[in-house]
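Residue-level structural notes
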Amino acid sequence: MSIHVEHIYKHYGSFTALADVSLTIDSGELVALLGPSGSGKTTLLRIIAGLESPDNGAILLHGEQSTQHSASKRGIGFVFQHYALFRHMTISENVAFGLRVQPRQHRPPRRVIRERVQELLHLVQLDSYAQMYPEQLSGGQRQRVALARALAVKPKVLLLDEPFSALDAKVRKELRDWLRRIHDDLHVTTVLVTHDQEEALEVADRVAILNQGKLEQIGTPQSIYDSPASPFVYNFLGNVNLFHGRLLADLSSEERGSGAEQTVQSAIGFVRPHELELSRKLPPDWKAVVASVVRIHAAGPQVRLELSIVGSGRPVTAELDRRRYEELALVPGEEVFVWPQSIRLFDGADAKSLLLDQGAGI
Amino acid sequence: MSGRGALPPSALLRASIQQRVGRMVLIVAALVFLAVFLVLPVAAVFTQALSQGWKMYSDSIYQEDVLSALRLTGLVACISVPLNMVFGIAASWAITRFEFHGKSLLITLIDIPLAVSPVVAGLMYVEIFGLHGWLGPWLSEHNLHIIFAVPGIVLATVFVTFPFVARELIPFMQAQGSDEEVAAVVLGANGWNVFWRVTLPNIKWALLYGTILAAARSIGEFGAVSVVSGHIRGQTTTLPLEVEMLYNEYNFTAAFAAASLLTLAAIVTLVLKKTIELTSGVHQPVEEKEVQS
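What counts, and at which threshold
- Residues numbered from 1 in each chain as written.
- Chains lettered and ligands numbered in written order.
- Predicted model: local features only at pLDDT ≥ 70, side-chain atom pairs only at ≥ 80, totals over all residues.
- Helix = DSSP H or I, 4+ residues; strand = E, 2+ residues; numbered from the N terminus.
- Rg over C-alpha atoms; globule rule 2.2 N^0.38 Å.
- Contact = placed C-beta atoms within 7 Å.
- Nonpolar A, V, L, I, M, F, W, Y, C, P; charged D, E, K, R; others polar.
- Axes fitted to C-alpha atoms, helices over the stretch in contact; angles between N-to-C directions.
- Parallel < 35°, antiparallel > 145°, perpendicular 65-115°, else oblique.
- Left-handed = near helix turned anticlockwise from the far one by under 90°.
- Pairing = 2+ DSSP bridges.
- Domains from an automatic or database assignment.
- Buried ≥ 20, exposed ≤ 12 C-beta atoms within 10 Å, placed from the backbone.
- Expected span 1.5 Å × (residues − 1).
- Arc of directions from axis to C-beta.
- Core = buried A, V, L, I, M, F, W, Y, C linked by C-beta atoms within 7 Å.
- Right-handed = clockwise from strand over helix to strand, strands pointing away.

Our focus in this paragraph is the overall build of chain A. Of the regular secondary structure elements, chain A holds ten helices and 18 strands. For chain A, whose C-alpha radius of gyration is 26 Å, the value lies well above the compact-globule estimate of 21 Å for 362 residues. Dimensions of chain A, computed from the C-alpha atoms along their principal axes, are close to 90 × 45 × 35 Å. In chain A, the proportion of contacts linking residues at least 24 apart, taken out of those at least 6 apart, comes to 67%.

Below, the discussion takes up the interface of chain A and chain B. Between chain A and chain B, the contact holds 19 residues from the first and 16 residues from the second. A class-by-class count of the residues in the side of chain A that touches chain B yields twelve nonpolar, six polar and one charged.

Further remarks concern the packing of helix α2 (residues 9-49) of chain B against helix α14 (residues 252-280) of chain B. Residues and elements named next belong to chain B. For the pair α2 and α14, the least separation of the axes is 8 Å and the interaxial angle reads 135°. Viewed along their axes, α2 and α14 adopt a mutual orientation that is oblique. Considering only the axes of α2 and α14, their crossing is left-handed. Taking contact as the criterion, the partners of V42, V45, F46, Q48 and A49 in α2 are, on α14, F252, T253, F256, A257, A259, S260 and T263. Classifying every residue of the contact of α2 with α14 by side-chain character gives eight nonpolar, four polar and no charged.

So, on to the sheet that holds strand β16 (residues 315-321) of chain A. Residue and element names in this part refer to chain A. Ordered in space as β13-β17-β14-β15-β16, the five strands form an open sheet in which the pairing is antiparallel. Two strands bound the open sheet, and with one partner strand each, they are β13 (276-279) and β16. With direction set aside, neighbouring strand axes in the sheet form an average angle of 45°. Of the pairings in the sheet, the one linking β13 to strand β17 (residues 335-340) comprises four bridges and is antiparallel in character. Paired with S279 across the two strands is F337, which belongs to β17.

Looking now at the domain arrangement of chain B. All names here are of chain B. What the domain assignment lists for chain B is domain 1 (9-49) and domain 2 (54-283). Inter-centroid distance (C-alpha atoms) of domain 1 to domain 2 is 35 Å. Contacts between domain 1 and domain 2 engage five residues on the former and eight residues on the latter. Its residues placed into classes, the side of domain 1 that touches domain 2 shows four nonpolar, one polar and no charged.

Residue and element names in this part refer to chain A. In this model, D20 sits at a positive phi of 55°, which is unusual for a non-glycine residue. Mapped onto the elements, D20 comes out in strand β2 (residues 15-25). The exposure class assigned to D20 is partly exposed, which follows from the 13 C-beta atoms found within 10 Å.

Time to look at helix α6 (residues 118-129) of chain B. Residues and elements named next belong to chain B. With twelve residues, α6 should cover 16 Å at 1.5 Å per step; its first-to-last C-alpha distance of 17 Å lies within 8% of that length. Buried within α6 are the following residues: P118, A121, G122, Y125 and F129. Axial view of α6: buried residues confined to an arc of 100°, hence all on one face. Where α6 is buried, its residues meet α5 (103-115), α7 (136-141), α8 (150-161) and α12 (223-229).

Moving on, we get to the nonpolar core. With 103 residues, the main nonpolar core has I48 and L159 of chain A as its most contacted residues. Take this core: its biggest share by element is seven residues, from helix α4 (residues 139-152) of chain A. Setting aside anything within four residues of it in sequence, one finds I48 of chain A in contact with I3, V5, I59, L159 and V191 of chain A. By size, the runner-up hydrophobic cluster in this structure holds 56 residues, among which are A49, L72, L155 and A215 of chain B.

We now examine the sheet that holds strand β5 (residues 64-65) of chain A. Neighbouring strands of a sheet are bound in pairs by backbone hydrogen bonds; such pairs are parallel or else antiparallel. Residues and elements named next belong to chain A. Strand order in the open sheet formed by four strands is β2-β1-β4-β5, with antiparallel pairing between adjacent strands. Among the strands making up the open sheet, the edge pair consists of β2 and β5. As defined by bridge partners, strand β4 (residues 56-61) adjoins β5 across two bridges and the pair is classed as antiparallel. Across the sheet, residue L61 finds its bridge partner in β5, namely E64. The strands touched by helix α1 (residues 41-49) are β1 (3-12), β2 and β4; relative to β1, the strand with the most contacts, the crossing angle is about 120°.

For the rest of this paragraph, the subject is the pairing of strand β7 (residues 157-161) of chain A. Residue and element names in this part refer to chain A. Most of β7 sits inside the fold, with five of its five residues counted as buried. Because side chains alternate across β7, one face comprises the buried residues V157, L159 and D161, and the other comprises L158 and L160, equally buried. In terms of strand pairing, β7 meets strand β8 (residues 189-194) through five bridges, oriented parallel. Bridge pairing in β8 places D161 opposite V193. With helix α5 (residues 169-186) bridging β7 and its parallel neighbour β8, the resulting β-α-β unit is right-handed.

See the structure below:
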């Protein structure tokens, strides 16, 4: 079932949680709503679920206006950050709940419910836990029960509100892969809210990035990573170095030779740590800054170097692969040339025309 | 490593002895206080009640007036406690699950019966329902008796025990949060199902705890009931009033025999209360249970 979010506004007092958010989620798609806390992503999810009502705008489920339907009639599965399992019910009672509370004429017979519960517990690999209580399970297991419970009513849409954020890193990664496999099997339209960019980029078919109640960008993980639409998106998707510089007007070579240097405006270039090149020799085009090595983190496949730009003292982080690092054999305190292999500007200017200031970096 | 490790062993020893002595003094003081102000009086009640022997004790209780007072006390408790349960659940549900104007006012109002002297509570009802009160003429026209009759006693008791269930449930339900209820709603449950299958099972121990406190208070209430009761022997005297009347008649053995029944009720309450605390975790730090996720 497709979801159309149309011009949704939501205010809490003077706080604007969502301002004119529109997006479309296709049937069978897994979309991640990604953003920092307070960006409105959970509010949007709860509005889709019918747990909150928008001040303005509409939610269309399968092309049908759903804003009138209450949460209990939308055919939605919802998974909460803190599981929200019924603590006084066993695991199988938890999973069966959604089926047992259906009005009599729709309620499946007991035998069918029992089979469905078994099937779901098998799906989430918790067959032998059926008679246990939630508090006897680990966090990861509880969240799997919560997912089974949500799937029991055969929802047309599955909504997950930061489902893995209360779990430790290793379990989080396992569950993330597992969720993707389940989604590939069942093809339920799924919306996942997360503040973890790695999680969003890895699991989702498409990622929608929210910031301060507005939709910044939506696209496939690769497209938003490779061509972020705004400094915010660029920043949010990974570590970033900022290089201050000046944009030069498009000078012809003879003008440049005459020494008539025209500073048009200052600008900020965005560079990821792995896009930085370091060397003891000045690059051929002379476009580099001098920085001193402050600290070296050599644990892991990538070596991370904290640098300080000589002059401004602004910090810059660079990541080198291990072989390059060993080739350079840098030591803390040493000064090196640093230049970006690629640089991104967000005001439409051509990155090639950026001259880096020695006082670059933030 | 700071101060502690640097101290010479003798100083450490002295400090630990001082600590131990200080602790002993406090414990002894607390025990003496308990003995003088709690254990001794309770023992005195039973000693007095049994001072003329078991025969006299049972005769004092098996008196028509005492038995009728006992029945009335039971009746009042049986009416006021369920009323308070319903009110307590409704108020805590409203306060912890919804946002509305006047919510803080409602929370304050719930506490009024605890702040007001019970005598004042009784007088309020006399002012409203008494013969010369606001509704008095209308009531007497229709031959309805509230003051100096059982309905007045029930009203006064309900007022005084009002806060017990709600005050127990509100912090408990706040700590539990509404996630489970929201989950139930999303799964398609209607309000009825949410209440009976999710909310009530989750709050049952706190509810029972509050109910027991309310029951204990309704059995023991004196001040408010005294004002509205009229002290008609065998008709509008509850057990605490009966105790007072017997005492004022210098019938000490009978007074203490009746008092011993109230004391027993209190002891039963305490045991129940403690049992609930131990079996359910109500009134134990909530965090301990939540952290393990």
